[in-house]
Amino acid sequence: MAAAVSMMRAMRMVNASSVSMVRNAGMNSYHFRQVAVSNQRRFFSSENPADCKYSKSHEWVKPGKDGIATVGITAHAAGELGDIVFVDLPEKGTQVTAAESFGAVESVKAASDIYSPISGEVVEINSALSDEPGTVNKDAFGTGWMIKVKMSNQGELNSLMDSVAYTKSYEE
């Protein structure tokens, strides 16, 4: 809930700055709407990093060097779940398959499976999440990552959404 309130405050600030810009530039209402929409898109896409790909089930993958990709759940998913209290992750060496469950998260609201956006071998897990599962809520795209996978099929990345498409998928 706090994240939603922060987002709304930020949107108000974005729109307030757009009003000032419109007044100072002498723009009409059509231009104002275009500026406001543009600023809102910029705000939302910054929540979902452009260097990641996204699944419909709200997982992200960030391709890295040597075919190793980092995987986690999105900030949007973590926000919808509420305070995460438990994370169940696979062991190192486990084979994961795109669109199949590899673990689960439990929150004060619900439990949810985590689906792998890509196929491959788990080469590292974020063991810090066993002691601090709330890290996913605080920093889903950073220290809240879940697993690192040696991708077996990098072409699977092409079927995932970019940050703009993913953001649109849950805004509608």
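Our subject is the structure that appears above.
Residues numbered from 1 in each chain as written. Predicted model: local features only at pLDDT ≥ 70, side-chain atom pairs only at ≥ 80, totals over all residues. Heavy atoms only, no water.

A.B. asks: Any chance you could break down a nonpolar patch on the surface for me, citing the residues and the numbers?
C.D. replies: The grouping of V85, F86 and V108 at the surface amounts to a nonpolar patch, some 290 Å² of accessible area in total. Here F86 is to be found in strand β4 (residues 84–88). (Patch = residues over 30% accessible without salt bridge, like charges linked within 9 Å, V, L, I, M, F, W, Y side chains within 5 Å. Areas by Shrake-Rupley, 256 points an atom, 1.4 Å probe, with all protein chains shown as cover. Salt bridge = Lys/Arg side-chain N within 4 Å of Asp/Glu carboxyl O. Helix = DSSP H or I, 4+ residues; strand = E, 2+ residues; numbered from the N terminus.)

A.B. asks: So, the packing of aromatic side chains: which residues are in play, and what are the values?
C.D. replies: In the structure shown here, the tally under the stated rule is 4 aromatic pairs. For the ring pair Y54 and F141, a centre distance of 6.2 Å and an interplane angle of 80 degrees mean the geometry is edge-to-face. Of the two residues, Y54 sits in strand β1 (residues 53–54) while F141 sits in the loop between α5 (135–138) and β9 (147–151), which places them 87 residues apart along the sequence. Measuring from centroid to centroid gives 4.9 Å for Y54 and Y166, while their planes differ by 10 degrees, and the two rings are stacked. One end of the pair, Y54, is in strand β1; the other, Y166, is in helix α6 (residues 163–171), and 112 residues separate them in sequence. The ring of W145 carries the charged tip of K148 above its face, separated from the ring centre by 5.0 Å. (Phe/Tyr/Trp six-rings, centres within 6.5 Å; stacked < 30°, edge-to-face > 60°. Lys NZ or Arg CZ within 6 Å of the ring centre and 35° of its normal.)

A.B. asks: Please give an account of the side chain of T70 that cites residues and values.
C.D. replies: On the secondary structure map, T70 appears in strand β3 (residues 68–73). With near-sequence residues (within four places) excluded, T70 lies in contact with W60, V61, K62, W145, I147 and K148. (Contact = heavy atoms within 4.5 Å.)

A.B. asks: Provide a residue-level description of unusual backbone geometry, including the pertinent values.
C.D. replies: Positive phi outside glycine occurs at H58, with the angle close to 75 degrees. Relative to the helices and strands, H58 is located in the loop between β1 and β2 (59–63). If you check the backbone angles, A99 has positive phi at about 70 degrees while not being a glycine. Position of A99 relative to the elements: it lies in the loop between β5 (95–96) and β6 (101–107). Judged by its relative accessible area of 63%, A99 is exposed. (Buried < 20%, exposed > 50% of the residue type's maximum accessible area, 1.4 Å probe, protein only.)

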